[in-house]
Amino acid sequence: MAVKFLMNNPVIIGLITMLLMWSDYLLTLVQEKERKEHYSKHYQSYPINTIEGNPAIQESVAKLKIFNPRHFTATIIAGIGLPVALLFIPNPLHKLFLGFIWGMLLIVNTQHLTNVLGYRASRRGLHGKLFLHQRTGLIIQSCRYLATTLFLLVLAVLSESLIIYGVTIAGFVSSLRLFMLSKKVAPIEKEDLPPENISIE
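Overview of the structure. These numbers were taken from a predicted model, which means no experiment stands behind them. (Residues numbered from 1 in each chain as written. Predicted model: local features only at pLDDT ≥ 70, side-chain atom pairs only at ≥ 80, totals over all residues. Heavy atoms only, no water.)

Things to note about the pattern of salt bridges
We count it as follows: Just to be clear on terms, a salt bridge is a Lys or Arg side-chain nitrogen sitting within 4 Å of an Asp or Glu carboxyl oxygen. Each helix is a run of H or I in the DSSP string that is no shorter than four residues. Each strand is a run of E no shorter than two, and both are numbered from the N terminus. Buried residues are those whose accessible area, probed at 1.4 Å on protein chains only, stays under 20% of the maximum for their type, while exposed residues exceed 50% and partly exposed ones sit between those limits.
Using the criterion set out here, one finds six salt bridges in the structure. Across the salt bridge formed by R120 and E34, the nearest N and O atoms sit 3.7 Å from each other. Of this pair, R120 sits in helix α5 (residues 94-121) while E34 sits in helix α2 (residues 10-39), and the two are 86 residues apart along the sequence. Residue classification places R120 among the partly exposed positions, given a relative accessible area of 46%. A salt bridge links E34 to R123; its shortest N-O distance comes to 2.8 Å. One end of the pair, E34, is in helix α2; the other, R123, is in the loop between α5 and β2 (130-133), with 89 residues separating them in the sequence. Given the relative accessible area of 7%, E34 is considered buried. Residues participating in the shared-partner salt-bridge network are E32, R35 and K36.

Have a look at this one:
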């Protein structure tokens, strides 16, 4: 019933899409604020100390800027573009496509929420500091998404839901995207020694 309602209301689809994208950015800021205030003494990435993988918004995230022009523009384009795209996609594929797009956003949002809750839980009972190379971090996250994809695949087969199949594809694409992104960051040095000269916040 809910899916049928959505398919008949493209404006609602656009608004939900924008909400998911704004939630992604705002949750990133919440995560960064929590990291700076409480978790930075336990965790630091290198060679760049950031939780954001997208270089286009890394600076805004680091400065906790609520508004980022690039992200805002992308959000508006996606909110308008998704309902329009559905007009040109064969009707039997509407649910699959919607599941894929929303799945890409939901997977990221749930990971942000997991990190925020994990940071808060780590305010007590956690000692020492982890230095994690960005490439290693991206590969770890890629593996998490792949594991989630296997779970989603089982749900898709059992439910025979095109939307869940779309979300499953999104999980696999998200995993592949992070793996490919890991190849673009600075390589891990052959000696793989602990970083000695990175700043401690």
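Here the narrative resumes.
Some words on α5
This is how it is decided: Expected helix span is computed as 1.5 Å times (number of residues minus one). Values of bend correspond, residue by residue, to the angle between axes fitted over the seven residues ending at that residue and the seven starting there.
Here α5 is 28 residues long and its end C-alpha atoms lie 40 Å apart, about the 40 Å a rise of 1.5 Å per residue gives. Of all bends in α5, the biggest is about 30°, found at G103.

So, the environment of L19
On the secondary structure map, L19 appears in helix α2. The exposed category is assigned to L19, whose relative accessible area is 52%. Residues L19 and T75 lie 56 residues apart in sequence; the distance between their C-alpha atoms is 8.6 Å.

Focus: the side chain of Q134
Our working rule: Two N or O atoms count as a polar contact when they lie within 3.5 Å, although within protein this holds only if one can serve as hydrogen donor and the other as acceptor, and sequence-adjacent residues are included solely when both atoms are side-chain atoms. Residues count as neighbours in contact if any of their non-hydrogen atoms are within 4.5 Å of one another.
Its place among the elements puts Q134 in helix α6 (residues 134-159). From its side chain, Q134 meets the backbone nitrogen of I48 in a polar contact 3.3 Å long. Among all residues touching Q134, those that are not within four sequence positions of it are S45, Y46, P47, I48, T50 and V185.

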